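Notes for the structure review
Each chain is listed here by its residues.
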Amino acid sequence: MNQNVKIAIIGCGRISGHHCRSIVETDGVELVAVCDLDIEKAKAYQKDFGAKAYDNYHQMLIENKDINTVAIVTPSGMHYEHSLDIISKYQKNIIVEKPTFMRPSQVKEVYDAAAKAGVKIFAVFQNRHNLAVQRVLLGLQKGELGKLRSANVRVRWCRPQRYYDLAPWRGTYSMDGGCLTNQGIHHIDLLKLLCGQVKRVISIHKTLGADIEVEDTATAILEFESGAIGSLEITTAARPIDFEASLSLVCENGLAQIGGIAVNELQIYSPDPTACESNSEDFSGNVYGNGHAKIYEEIAQTFKGNREFPVTFEDTFSTIQLLNAFYIADERDEWVDVKTANDSARLGRENEKIANLYRTKLPSVMS
């Protein structure tokens, strides 16, 4: 590409501010415009970051043809529709917040559309950049830890009813997913990154702490292709606060445990205990961490032709396929082979009534 990244953001929720800050602090990246159906939300970021504000992304892209990349930070269930629209109508590169897309079939379709249009997709999995995660990954690659024997994910967070009542899309299978899709997706991605591909899973989901249709508590057992086994416990029914988001690996040469509020602390690294302090970060003021800034640096390097973006189609697809496998296992009440898992019957299912709340009409000049 060998050009600067000129970015527009669609969706001005809380995490969009983190995107804005990361963009303006990254060399070779420019924030051109922000857009939200609620223009006041867009104007708030306009005031803070100097970008143009819009309430119609079609109008935004028509008036700012220099924009070459669009960050999609809309409700999860709209990522698929918004991505296809922007790729097909405007041939823009896209940055997609977690969980990227809801279904494996959607991942395939959007990446295929991007390839045909000659544009790129940058999937956001920012916790891969946490120092603790990078140190454990290095230890696995160098053989310090040896072969994996078992792995465990624990996410014990608090999302009370008032959280789900903030917007119509929250707590729905069509637009949000439950604790696995919204809160747990990064930990599922890290489990796969550090431990390798998962062969099969069995899972049980419950709704225990809120009046919503999706799960707020899920427990699963996993078998990895390597022969190692694992467990996963994710809940947003913890009370009264968030307690932990951790990942531990039992290996032949020792134990690695990443914890803290968002897998930001290397709590145990038995092959080299001195590595813990230097590979831990304080996320107390920012649960999103520092990974978004790293992602925008990677995007800038991709535009300059210096490197390929590290999160590939295969990465994104296998993470969303594993996510759906958990839901399918719960739906069928049986073990599910991950490689043959397709779309969950529930996750990402259509709901036109809710989707219409988040759709943007073409301006009359283009209708």
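Residues numbered from 1 in each chain as written. Predicted model: local features only at pLDDT ≥ 70, side-chain atom pairs only at ≥ 80, totals over all residues. Heavy atoms only, no water.

- Looking at an unreviewed UniProt entry, one finds the chain named Gfo/Idh/MocA family oxidoreductase and attributed to Leptospira stimsonii.

1. A short note on helix α4 (residues 79-90)
- Between its first and last C-alpha atoms α4 spans 16 Å; for 12 residues at 1.5 Å apiece the expected length is 16 Å, and the two agree.
- Turning to α4, its buried residues are His79, His82, Ser83, Leu84, Asp85, Ile86, Ile87 and Tyr90.
- Structurally, α4 contributes buried residues whose contacts are with β1 (5-10), α3 (57-63), β4 (69-72), β5 (93-96) and α5 (104-117).
- Note on α4: the residue one or two positions beyond its end, Gln91, has a positive phi of about 50°. (Helix = DSSP H or I, 4+ residues; strand = E, 2+ residues; numbered from the N terminus. Expected span 1.5 Å × (residues − 1). Buried < 20%, exposed > 50% of the residue type's maximum accessible area, 1.4 Å probe, protein only. Contact = heavy atoms within 4.5 Å.)

2. Digging into unusual backbone geometry
- Between Lys98 and the following residue, Pro99, the backbone shows a cis peptide bond with an omega angle of 5°.
- Within the element layout of this structure, Pro99 appears in the loop between β5 and α5.
- With omega at 10°, the peptide bond leading from Arg239 into Pro240 counts as cis.
- Relative to the elements of secondary structure, Pro240 occurs in the loop between β10 (229-235) and β11 (244-251).
- Positive phi values are uncommon outside glycine, yet Val263 reaches one of about 40°.
- Examined against the element boundaries, Val263 turns out to sit in the loop between β12 (254-259) and β13 (265-269).
- Among the residues examined, Val263 registers a relative accessible area of 1% and is labelled buried.
- Located in the positive-phi region is Asp333, a residue other than glycine, with phi close to 55°.
- In this structure, Asp333 sits in the loop between α12 (313-332) and β14 (336-337).

3. A short note on the sheet that holds β10
- With mixed pairing, 8 strands are arranged side by side in an open sheet as β13-β12-β11-β7-β10-β9-β8-β14. Because the sheet does not close on itself, it has two edges, and the strands there are β13 and β14.
- In this structure, strand β8 (residues 198-206) lies alongside strand β9 (residues 217-224), joined through 8 bridges in antiparallel fashion. Along β9, the bridge assignment pairs Val201 with Leu222.
- Strand contacts of helix α6 (residues 131-142): β11, β12 and β13, with the helix running at about 35° to β13, the strand carrying the most contacts.
- The strands touched by α12 within the sheet are β8, β9, β10 and β14, with β8 carrying the most contacts at an inclination of about 55°. (Pairing = 2+ DSSP bridges. Axes fitted to C-alpha atoms, helices over the stretch in contact; angles between N-to-C directions.)

4. Remarks on the environment of Ile299
- Take Ile299: it is sitting in helix α11 (residues 291-303).
- A relative accessible area of 0% means that Ile299 is categorised as buried.
- Sequence separation between Ile299 and Tyr163 is 136 residues; the distance between their C-alpha atoms is 32 Å.
- With residues up to four places along the chain from it excluded, the contact list for Ile299 reads Val5, Ile95, Phe122 and Phe309.

5. With respect to the pattern of salt bridges
- For the structure shown, the criterion picks out 19 salt bridges.
- Taking the shortest distance from any N to any O, the salt bridge between Arg156 and Glu244 comes out at 2.8 Å. Highlighted residues: Arg156 in strand β7 (residues 148-156) and Glu244 in strand β11, separated in sequence by 88 residues.
- On the basis of relative accessible area, Glu244 is assigned to the buried category, the value being 17%.
- Here Glu213 and Arg349 are joined by a salt bridge, their closest N and O atoms 3.5 Å apart. Of this pair, Glu213 sits in the loop between β8 and β9 while Arg349 sits in the loop between β14 and α13 (352-355); the two residues are 136 residues apart in sequence, bridging distant segments of the chain.
- Each of Arg154, Arg156, Glu233 and Glu244 takes part in salt bridges that share partners, so that together they form one network. (Salt bridge = Lys/Arg side-chain N within 4 Å of Asp/Glu carboxyl O.)

6. Side note on the UniProt feature "domain: GFO/IDH/MocA-like oxidoreductase" (unreviewed entry) in the chain
- Here, UniProt's "domain: GFO/IDH/MocA-like oxidoreductase" (unreviewed entry) annotation points to residues 140-254.
- Secondary structure content for residues 140-254 is 20% helix and 37% strand, while the C-alpha to C-alpha distance between its ends is 11 Å. (UniProt positions renumbered as here; feature names shortened; annotations may be inferred.)

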